[in-house]
Amino acid sequence: MSTSATATADTFPTTTAPRPSFLLVHGAWHRSECWDLVRKALAADGWTARTVDLPSAGPRRTPTAGMYDDADTIAARLRRADGPVIVVGHSYGGFPVTQAAGLPAAAHLVYLAAYLPEEGESLLSVHGHGGEAAEDLCGTAPVVFDDPRTALFGDLPDEQAGDAVSRLVPQSRRSFQQRVTRAAWRTVPSTYVLCEGDRALPPALQERMSTRATRVERLNTGHSPFLSAPTELAALLGRIGSGAVQ
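Everything quoted here is computed from the prediction, not taken from an experiment.

K.L.:
Explain the nonpolar core to me, please; I cannot follow it from the model alone.
P.N.:
Grouped burial of nonpolar side chains is what soluble globular proteins tend to show. One finds F22, W35, V38, L78, V88, L109 and L112 to be the most contacted residues of the largest nonpolar core, which totals 72 residues. Counting residues per element, this core draws most heavily on strand β4 (residues 106-112), which supplies six residues.

K.L.:
Quick question: what am I supposed to make of the environment of T48 here?
P.N.:
Tracing the chain through its elements places T48 in the loop between α2 (36-44) and β2 (49-52). Given a relative accessible area of 39%, T48 falls into the partly exposed group. Separated by 26 residues in sequence, T48 and F22 have C-alpha atoms that sit 6.3 Å apart. In contact with T48, not counting residues within four places along its chain, are S21 and F22.

K.L.:
How should I be thinking about the side chain of H26 in this particular structure?
P.N.:
Its place among the elements puts H26 in the loop between β1 (21-25) and α2. Accessibility expressed as a relative area gives 0% for H26, which makes it buried. Of note is the side chain of H26, whose polar atom sits 3.2 Å from the backbone oxygen of H30. Those residues in contact with H26 that lie beyond four places of it in its chain are R31, S32, C34, W35, V52, D53, L54, A57, H90 and G93.

K.L.:
Just checking my understanding: could you explain the sheet that holds β2 for this structure?
P.N.:
Backbone-to-backbone hydrogen bonds join strands into a sheet, with any given pair of strands oriented parallel or antiparallel. One open sheet accounts for six strands, arranged β2-β1-β3-β4-β7-β8; its pairing is parallel. The sheet terminates laterally at β2 and β8 (215-219), the two strands that pair on one side only. Strand-to-strand twist in this sheet, taken as the mean axis angle between neighbours without regard to direction, amounts to 20°. Sheet topology note: the β4/strand β7 (residues 190-195) ladder contains four bridges and is parallel. Following the sheet pairing, L112 is matched in β7 by V193. Sitting on the sheet, helix α9 (residues 203-210) is in contact with β7 and β8, with an inclination near 165° to β7.

K.L.:
Sorry if this is basic, but what is going on with helix α11 (residues 230-244) here?
P.N.:
Structurally, the α-helix is built with 3.6 residues per turn, so residues lying three or four positions apart point the same way. The terminal C-alpha atoms of α11, which comprises 15 residues, lie 20 Å apart, in line with the 21 Å expected from a rise of 1.5 Å per residue. Here α11 has its buried residues at P230, L233, A234, L236, L237, G238, I240 and G241.

K.L.:
Even after reading the chapter, I still don't get helix α3 (residues 67-79), so can you show me in this structure?
P.N.:
The first and last C-alpha atoms of α3 sit 18 Å apart over 13 residues, in line with the 18 Å expected at 1.5 Å per residue. Looking only at α3, the buried set comprises M67, D70, A71, I74, A75 and L78. Burial along α3 is one-sided: seen end-on, the buried residues are contained in an arc of 135°. In α3, the exposed positions that point more than 90 degrees away from the buried face belong to D72 and R79. In this fold, the buried residues of α3 make contact with β1, β3 (85-90), α4 (94-100), β4 and α8 (174-177).

K.L.:
Honestly, the pattern of salt bridges in this entry has me stumped. Any pointers?
P.N.:
Note on pairing: side chains with opposite charge can pair once their charged atoms come close. Enumeration according to the criterion identifies 13 salt bridges in this entry. Between R167 and E33 there is a salt bridge; the shortest N-O distance is 3.2 Å. In this pair, R167 is assigned in the loop between α7 (158-166) and β6 (171-172) and E33 in the loop between β1 and α2, connecting sequence segments 134 residues apart. Assessed through its relative accessible area of 44%, R167 is described here as partly exposed. One salt bridge connects E207 with R218, and the closest N-O pair in it is separated by 2.8 Å.

K.L.:
Is there a simple way to explain the packing of α2 against α11 in this structure?
P.N.:
In contact at an axis separation of 8 Å, α2 and α11 are set at 55° when each is read in the N-to-C sense. One element, α2, and the other, α11, form an angle in the oblique class. For the pair α2 and α11, the sense of crossing is right-handed. Across the interface between the two elements, L37, V38, A41 and L42 of α2 pack against P230, T231, L233, A234, L237 and G238 of α11.

Criteria and cut-off values
- Residues numbered from 1 in each chain as written.
- Predicted model: local features only at pLDDT ≥ 70, side-chain atom pairs only at ≥ 80, totals over all residues.
- Heavy atoms only, no water.
- Core = buried A, V, L, I, M, F, W, Y, C linked by side-chain atoms within 4.5 Å.
- Buried < 20%, exposed > 50% of the residue type's maximum accessible area, 1.4 Å probe, protein only.
- Helix = DSSP H or I, 4+ residues; strand = E, 2+ residues; numbered from the N terminus.
- Contact = heavy atoms within 4.5 Å.
- Polar contact = N/O pair within 3.5 Å; in protein donor to acceptor, adjacent residues only side chain to side chain.
- Pairing = 2+ DSSP bridges.
- Axes fitted to C-alpha atoms, helices over the stretch in contact; angles between N-to-C directions.
- Expected span 1.5 Å × (residues − 1).
- Arc of directions from axis to C-beta.
- Salt bridge = Lys/Arg side-chain N within 4 Å of Asp/Glu carboxyl O.
- Parallel < 35°, antiparallel > 145°, perpendicular 65-115°, else oblique.
- Left-handed = near helix turned anticlockwise from the far one by under 90°.

Right, here's the structure in full:
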């Protein structure tokens, strides 16, 4: 009888959780190409990573696109997913990720030097602006930093930083005005990746927002580690992905 029991145990089918993929969401004034180096590094380690172009940034079919349009775009990707997804939002991208990613496919959220808002917050309100002003239905926001090279890409070599600055695109003002109505991080586990040398989104503000996340990781980089430290960032995302679905 013991032999029969052993045979049954040896042949009993086992199941393992499917390996998640990544959905990489860019921030304001960027397009999905900013993730190219990270995608390649993740692929080299066996991960699948996809990107999305948010309608609020760059040439837009809908000139009035705002944060809700961005969230709808993310949600549509998640609804088409064929397995668990780690959703990574950078900077402004934390807003539409928070709004959209409470769907079953979202296994984990990663906020990379990103806004991690409460319900009722907009990007402008986080910074004490906006009030109850009517939404700007047609305006675009130029890059707001006096020196975007230093603020966004301060830890990049000059040539690479110059190229990155040249790729920045207009951003709709409406995306900064619309307020989060659903906070996915309340139901989906999350990791905040705090960039300690950030000169665009102050580390002190990142520290405050990161208390809402399930856990916190740190990178000794500026605001754009997908360009300045893509291999290190990909390795960190891989570790997060490995632990996200057990």
